[in-house]
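# An overview of the molecular structure
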Amino acid sequence: MKKVLAIVMIMLLTFTMCIGCGSNGGSDASADTIKLGWIGALTGDQAAFGTCESQALKLLVEKKNDEGGILGKQIELICYDTKGDAQEAINATKRLCAQDGVCAILGPNASGQAMAIQSVLNEYHVTDMTTVGTNPKVTIAEDGSLMEYNFRVCFLDPEQGRIAATFVKENLGFDKAAILYDVNDDYGQGLKQNFVEVFEKLGGTIVTEEKYNGGDADFTAQLTSIRDTDAQIIFTPIFYQDFIMMHKQARTLGIELPFLGGDGCASEVLFDAAEAVDGSYVINHVSLVDPSGDAWRTEYAERWDGAKMELNGYMIYDAFATWCAAVEKAGSADPDAIKDAYCEVEVEGITGTIKLDPATHNPIGKSGCVERVDGVNKTYVFEAKVAAAE
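Residues numbered from 1 in each chain as written. Predicted model: local features only at pLDDT ≥ 70, side-chain atom pairs only at ≥ 80, totals over all residues. Heavy atoms only, no water.

Scanning the protein from terminus to terminus reveals 13 helices and 14 strands. Rg of the C-alpha trace for the protein: 23 Å, near the compact-globule value of 21 Å for 390 residues, within the 12% margin. Along the first, second and third principal axes, the C-alpha atoms of the protein reach 90 × 45 × 45 Å. Burial status across the protein gives 54% buried among its 390 residues. Residue pairs in contact within the protein that sit at least 24 positions apart in sequence constitute 67% of those at least 6 positions apart. Surface accessibility of the protein: about 16,100 Å² in total, with carbon and sulfur atoms responsible for 50%. The positive charge centre, built from 31 side chains, and the negative charge centre, built from 58, are 3 Å apart in the protein. (Helix = DSSP H or I, 4+ residues; strand = E, 2+ residues; numbered from the N terminus. Rg over C-alpha atoms; globule rule 2.2 N^0.38 Å. Buried < 20%, exposed > 50% of the residue type's maximum accessible area, 1.4 Å probe, protein only. Contact = heavy atoms within 4.5 Å. Areas by Shrake-Rupley, 256 points an atom, 1.4 Å probe, with all protein chains shown as cover. Lys, Arg positive; Asp, Glu negative; His and termini not counted. Charge placed at Lys NZ, Arg CZ, Asp CG, Glu CD.)

With that settled, the discussion passes to the packing of aromatic side chains. Aromatic ring pairs are defined here through the distance separating the ring centres and the angle between the ring planes. Enumeration according to the criterion identifies eleven aromatic pairs in this entry. Between Tyr 187 and Phe 239, the aromatic rings sit 5.1 Å apart at their centres with planes inclined by 35°, giving tilted as the arrangement. A residue pair is termed long-range when its members are at least 10 positions apart, and Tyr 187 in helix 7 (residues 186-201) and Phe 239 in the loop between strand 8 (233-236) and helix 9 (240-252) qualify at 52 residues. The exposure class assigned to Tyr 187 is buried, which follows from its relative accessible area of 3%. Consider the rings of Phe 271 and Tyr 380, whose centres lie 5.1 Å apart with planes at 65°: the pair is edge-to-face. Taken together, the residues Phe 271 in the loop between strand 9 (259-261) and helix 10 (274-277) and Tyr 380 in strand 14 (residues 379-386) connect sequence positions 109 residues apart. Taken individually, Phe 271 and Tyr 380 each receive the classification buried, so the pair is uniform in this respect. Across from the ring centre of Trp 304, 4.1 Å away, lies the NZ or CZ of Arg 303, which sits over that ring. Above the face of the Tyr 149 ring, Lys 339 is positioned so that its terminal group lies 5.6 Å from the ring centre. (Phe/Tyr/Trp six-rings, centres within 6.5 Å; stacked < 30°, edge-to-face > 60°. Lys NZ or Arg CZ within 6 Å of the ring centre and 35° of its normal.)

Further remarks concern helix 11 (residues 294-303). Every buried residue belonging to helix 11 is among Trp 296, Arg 297 and Tyr 300, and all of these are buried. Each buried residue of helix 11 lies within a common arc of 100° when the element is viewed along its axis, so the set occupies one face. Residues of helix 11 that are exposed and point over 90 degrees away from its buried face: Ala 295 and Glu 302. Buried residues belonging to helix 11 abut helix 2 (47-66) and helix 12 (311-330). Directly beyond the C-terminal end of helix 11, a positive phi value near 55° is found at Asp 305. (Arc of directions from axis to C-beta.)

Read from one edge of the open sheet, seven strands run 7-6-8-9-10-13-14, paired in mixed fashion. Each of the sheet's edge strands pairs with one partner strand only, and the pair in question is strand 7 (205-212) and strand 14. With direction set aside, neighbouring strand axes in the sheet form an average angle of 25°. Docked against the sheet, helix 7 engages strand 6 (176-182), strand 7 and strand 8, running at close to 165° with respect to strand 6. (Pairing = 2+ DSSP bridges. Axes fitted to C-alpha atoms, helices over the stretch in contact; angles between N-to-C directions.)

A separate point is the pattern of salt bridges. For the coordinates displayed, the defined rule picks out twelve salt bridges. As a salt-bridge pair, Glu 142 and Lys 137 come within 3.3 Å of each other at their nearest N and O atoms. Given the relative accessible area of 71%, Glu 142 is considered exposed. With its nearest N and O atoms 3.2 Å apart, the salt bridge here joins Lys 192 to Glu 209. Separated by 17 residues along the polypeptide, Lys 192 in helix 7 and Glu 209 in strand 7 bring together distant segments of the chain. Among the charged side chains, a salt-bridge network with shared partners connects Glu 148, Lys 339 and Asp 340. (Salt bridge = Lys/Arg side-chain N within 4 Å of Asp/Glu carboxyl O.)

As a further point, take the environment of Thr 252. Along the polypeptide, Thr 252 turns up in helix 9. Note on Thr 252: relative accessible area 68%, which makes it exposed.

Further remarks concern the nonpolar core. Membership of the largest hydrophobic core comes to 98 residues, with the highest contact counts inside it found for Leu 106, Phe 195, Leu 260, Leu 270, Phe 320, Trp 323 and Tyr 342. In terms of residues, this core owes the most to one element, helix 12, which gives eleven residues. In contact with Phe 195, other than residues within four places in its own chain, are Gly 161, Ala 164, Ala 165, Val 168, Ala 177, Ile 179, Ile 206 and Phe 235. One finds Ile 39, Leu 96, Ile 117 and Val 126 within the second-largest nonpolar core, a separate group that totals 15 residues. (Core = buried A, V, L, I, M, F, W, Y, C linked by side-chain atoms within 4.5 Å.)

Moving on, we get to the packing of helix 2 against helix 12. Helix 12 packs onto helix 2 with a crossing angle of 40° between their chain directions and a minimal axis gap of 8 Å. Regarding the angle of helix 2 to helix 12, the classification is oblique. Along this stretch, helix 2 crosses helix 12, giving a crossing that reads as right-handed. In this structure, helix 2 uses Phe 49, Cys 52, Glu 53, Ala 56, Leu 57, Leu 60, Val 61 and Lys 64 to contact helix 12, whose residues at the interface are Asn 312, Gly 313, Ile 316, Tyr 317, Phe 320, Cys 324 and Glu 328. Class assignment of the residues belonging to the contact of helix 2 with helix 12 gives a composition of ten nonpolar, two polar and three charged. (Parallel < 35°, antiparallel > 145°, perpendicular 65-115°, else oblique. Left-handed = near helix turned anticlockwise from the far one by under 90°. Nonpolar A, V, L, I, M, F, W, Y, C, P; charged D, E, K, R; others polar.)

What follows concerns the pairing of strand 12 (residues 352-355). One ladder, built from four bridges, connects strand 11 (residues 346-349) with strand 12; its direction is antiparallel. Along strand 12, the bridge assignment pairs Val 347 with Ile 354.

Turning next to the side chain of Asp 100. Along the chain, Asp 100 turns up in helix 3 (residues 86-100). Although Asp 100 lies buried, it forms no salt bridge, and the closest oppositely charged side chain, Arg 95, sits 4.7 Å away as judged by the N-O distance. Of note is the side chain of Asp 100, whose polar atom sits 2.7 Å from the side chain of Tyr 80. Dropping the residues within four chain positions of it, Asp 100 is found in contact with Lys 35, Ile 78, Tyr 80 and Arg 95. (Polar contact = N/O pair within 3.5 Å; in protein donor to acceptor, adjacent residues only side chain to side chain.)

Shape descriptors only; they carry no functional weight alone.
Okay, here's the thing in structure tokens:
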């Protein structure tokens, strides 16, 4: 009897293991749904970006499902919080691939996290489409090799650096700039380098480069050093929370210089410190006040209790549209089929045309813009559009 029970237990165990190791849920043709993953910061310093991105994606999935879904199936969206941390992004990606069986992942909303998950994507053969991971190494490794499963819908830091430097030198007419950046952040270091190269090539001078460590809350020493120079503007390739704190401390020190923040600063949260940030500038992928986005902003606000649209709501719109087009082109939710289809589709997105280059997995010809922060009226004012480099 004991022998029979032992055999039965072994058979049950084997059956259970086979279920756990079954085919990817997203690529299983017999599955009832198509599983799509999302990762991003729902808590931490970048929570405003991640929250908007996830909510916008949920709305898009709801609309698509109401229309009948994709390939005749409903989309099952699975979201995880990275807390703005690279290791959390790795953990979430592993869970989506190994446990949830997604066919693809959208997000995250930062370069460091997008770069951290590359080995997991390679292991499970699942693609990721980052929304605002602008560091070149997201899709191209330092040795020049293509990161096969990483894609993006945003412009890159070299382009963002060119936009920033061109705006400061040619639109504002400033030739002296100070820089204040997080020395431990991949995004900040890359964007700072690109800005310096272009600004100096245009004839500008970097009067000082001041550093800080992520998590610092006191920028008095760095700002005092900047105050003692003849800088006309402070370039800050950072995120919006630090951008706000720097402004408050700068104004206390009597520094009235405008700041120019990268796309990580372009948030509605800035208006919580409206008086301090008034007159500064931010780089963006799309104008947050362009009338062409009114319908999408209204739809989002109606779904999410009047919430205002962050940049990420526009970027995830294009990422989701590109994923849908790729799935339809592939005629399958197989992860590798989606990977191959990404560079075969062209989508008219809300931030422009999305056509991914098979050699780089980057969008071709993406332009950007600069907007001024109007603290008095708590809105952005479009300043300039800078076309993509030839």
